[in-house]
Structures are given as C-alpha cells and as structure tokens.
Amino acid sequence: MSLENIIEYENMKSWYINDVKNVKVLAIYELNDDFVIHYEKDGVKKVLSIYHWCRFGPMYDGCWFEFSSIELQSVYVNSDKKISQKLKDIDIIEEIVLYQGDDKGSAYSDLEIVYRSKDNHKRYYLLKSEHDEEEVHRLDIYHNTKKSKLQKVELGNATFPKELYSTKIYKDILAFALKAHKEQKTPEGLPYSFHIVSVANEIINSLSMNPISFDEANVAIACALLHDVKEDTLYDVSRYTIEFPTNNIDIVINGVSALTKDTSLPSKQEQMKDSLERLKQMPKCVQMVKLADRITNLAPAPLFWN
C-alpha cells in the first residue's frame, strides 16, 4: 500500500471518533476483544465497530485499534455476541481519545472512552493492550483507575464524507479487476468489464433507495467489482493485491471468498449451497452483491441482440 493511502486511511479514524461525540448510546455488544456501539445521531441509528488487533511479524509489530461503521462481521452467526458487561454503564459518549506509542520496539495504541453514566456522572474507560512475560497479548479495560502513558493522537475535525461512496476506491478496485479479467468476454462477446460494472451499478442504484453507511457502500461496490476474480482469473484478492482501507479490507477479502464457488465440491448445486451458507455469515453489504449479480444476470437482453 502506498504511503499516501496509508496516511489517508489513518486520517479516516477521525471520522469515526468525531461522529460519536456527545451521542446517545442505544446498546453496546462485545465479541472477544471487539465491540460494536449502537448509537443515534440526528435521528439516524448508526453503529461504530471497534476492533482490537495484535500482529507481530515482518510487516508490523504491535497492537492497535481499527474502526468501522459495519457491524462486527461475526455477530450474524456467532452465539458469543452479547450485551457488553465491560462497558455496561455508558449512556452518552462525550469523546473518544486515541493514544499511540512504542514499547520495546513495537507499536501500541490505547483508547479512552469518556462518557456520562446512566446516573449522570462523568467517567472513562481505558482500553489498553497488555502482554505478560510470555508475550501473550490481550485487551485489558480499566474503569477510572488508569491513564494512558502513550502520546495523544491529534486527529482533527474531519467528518464522514457526504458522498454515498468513494470514487477513489471505486477506480482503484476497478483498475485491479480490469487487469485481472484481461481479455475475458461475457457470453454475448462484450468485455467482461460490462458485467462487473453492471453489478456495481446495481449496488450504486440501490444506495439512494436504501441508504447504508459510507463503509458499507464501499465494501459492497468493491465486492461487486471483484466478485468473479478468484473464480475466473489467475489473480487473488488479498492485502497484497488490492488498495483498500485497512479497517475493512478483511471484510472485502472474506466477502469475495464467500461470493466464490468452491469448485472442489462435486456438483453446481452443492457449490451454490456452500456459497450461500458462507454468505449468510457476511454483513448485509456483502450479501447485497449476490442479489445485484442475480439482477444483472436476469436482466432483459438489449433489443438489438439476436
């Protein structure tokens, strides 16, 4: 990923953090070390998913937080989803503060949630990565007892774009898809780009009728443009091949995989059943792509075709 895109995606964190300032919390769910906050702003119900990541290797050492307006991917099928007992008394979020720094050569982030409790007291939670002597990492949550020793990140006042989706992401993903499909044609002899752009257009057309979040729209469009890459080309869809915001790239990768039939299964019926079962585990913005693909495939042929 280019340095320009890394900086842009890092700046996106201010979108999420600024959007939850002084908002009423409707519910908070937790799954392992991740949380999804349901809140209401300007009469619209929204979600903020907070992911806690730890990775150690040649590409990155450390633990950090990612944000998304897509609900936790696993909540659709995982029975461990539950109302959070760790953040249970938050009524109004006043602000979220992000801290970053180094420890023993690894990068770490802390997250402080400043809030009003249900009994109208100002309090805070500190979400902090901890590691033991065996370097096993976990997320610890401190309630009014510990302050971060890392440096506060100044994120600015940026807010979510007013556009329905990112044209930059659209062009980046389309360029990769065109390169992957090369000279492939549709059964009617048209360039294969006609099909994948038609599926993406069905997604875009739906946005005005059934608005979804900026993140969800970008994921849906990306999956629409990429949905046949793994099945019909020699290219793979991974963190190393596509340019996409890091907070949601795994959803795109897993979404494309779910949209791809497993050809090792003996029949088309079994392949389709397996794909649909995997799609049920995906967020709705990925499931939309299967419907858009079906709409495109069932559309009437142009009148000038024989």
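Residues numbered from 1 in each chain as written. Predicted model: local features only at pLDDT ≥ 70, side-chain atom pairs only at ≥ 80, totals over all residues. Heavy atoms only, no water.

Caption draft 1: Just the overall build of the protein chain, in detail. A count of helices and strands for the protein chain gives nine helices and 10 strands. Expected size for 306 residues packed as a compact globule is a radius of gyration near 19 Å; at 21 Å, the protein chain falls within 12% of this value. Principal-axis analysis of the C-alpha atoms gives the protein chain an extent of 75 × 45 × 40 Å. For the protein chain, the residues scored as buried account for 45% of the 306 residues in total. Relative to all contacts within the protein chain whose residues are 6 or more apart in sequence, the contacts with residues 24 or more apart total 58%. Entry remark: accessible area of the protein chain is about 16,600 Å², with carbon and sulfur atoms responsible for 52%. Here the protein chain carries 38 positive and 47 negative side-chain charges, and the mean point of each set is 3 Å from the other. (Helix = DSSP H or I, 4+ residues; strand = E, 2+ residues; numbered from the N terminus. Rg over C-alpha atoms; globule rule 2.2 N^0.38 Å. Buried < 20%, exposed > 50% of the residue type's maximum accessible area, 1.4 Å probe, protein only. Contact = heavy atoms within 4.5 Å. Areas by Shrake-Rupley, 256 points an atom, 1.4 Å probe, with all protein chains shown as cover. Lys, Arg positive; Asp, Glu negative; His and termini not counted. Charge placed at Lys NZ, Arg CZ, Asp CG, Glu CD.)

Caption draft 2: Fine view of the state of the cysteines. Counting across every chain of the model gives one disulfide. With its sulfur 2.0 Å from that of its partner, C54 forms a disulfide with C63. Across the S-S bond linking C54 and C63, the dihedral sits near 110 degrees, which makes this disulfide right-handed. Under the relative-accessibility criterion, C63 is labelled buried at 0%. The closest cysteine sulfur to the non-disulfide-bonded C223 is located on C285, 7.1 Å from its own sulfur. Residue classification places C285 among the buried positions, given a relative accessible area of 2%. (Disulfide = S-S within 2.5 Å.)

Caption draft 3: Representation of the packing of aromatic side chains in the model. Inspection of the entire model under this criterion finds eight aromatic pairs. Centre to centre, the rings of W15 and F214 are 5.6 Å apart; their planes meet at 75 degrees, and the pair counts as edge-to-face. Residue W15 is found in helix 2 (residues 13-19), and its partner F214 is found in helix 5 (residues 214-226); the two are separated by 199 residues along the sequence. Across this residue pair, the class does not change: W15 and F214 are buried. Ring geometry for Y16 versus F67: centroids 6.3 Å apart, planes at 20 degrees, classification stacked. Of this pair, Y16 sits in helix 2 while F67 sits in strand 4 (residues 61-68), and the two are 51 residues apart along the sequence. The pair formed by Y16 and F67 is uniform in burial state, with each residue classed as buried. (Phe/Tyr/Trp six-rings, centres within 6.5 Å; stacked < 30°, edge-to-face > 60°.)

Caption draft 4: View of the side chain of E66. In this fold, E66 is placed in strand 4. This buried residue, E66, is left without a salt bridge; K13 holds the nearest opposite charge, at 4.8 Å. Side-chain polar atoms of E66 contact the side chain of T246, separated by 3.3 Å. Filtering out sequence-adjacent residues up to four positions away, E66 remains in contact with K13, S49, I50, Y51, W53, T246 and N247. (Salt bridge = Lys/Arg side-chain N within 4 Å of Asp/Glu carboxyl O. Polar contact = N/O pair within 3.5 Å; in protein donor to acceptor, adjacent residues only side chain to side chain.)

Caption draft 5: Expanded view of the packing of helix 4 (residues 193-207) against helix 9 (residues 284-298). Remark: helix 4 packs on helix 9, axes separated minimally by 9 Å, with the N-to-C direction vectors making an angle of 120 degrees. Between helix 4 and helix 9, the angle is such that the two are oblique. Relative to helix 9, helix 4 is oriented so that their crossing is right-handed. Touching H195, S198, V199, E202, I203 and S206 of helix 4 are M288, V289, A292, D293, I295, T296 and N297, all from helix 9. The class makeup of the residues in the contact of helix 4 with helix 9 is six nonpolar, five polar and two charged. (Axes fitted to C-alpha atoms, helices over the stretch in contact; angles between N-to-C directions. Parallel < 35°, antiparallel > 145°, perpendicular 65-115°, else oblique. Left-handed = near helix turned anticlockwise from the far one by under 90°. Nonpolar A, V, L, I, M, F, W, Y, C, P; charged D, E, K, R; others polar.)

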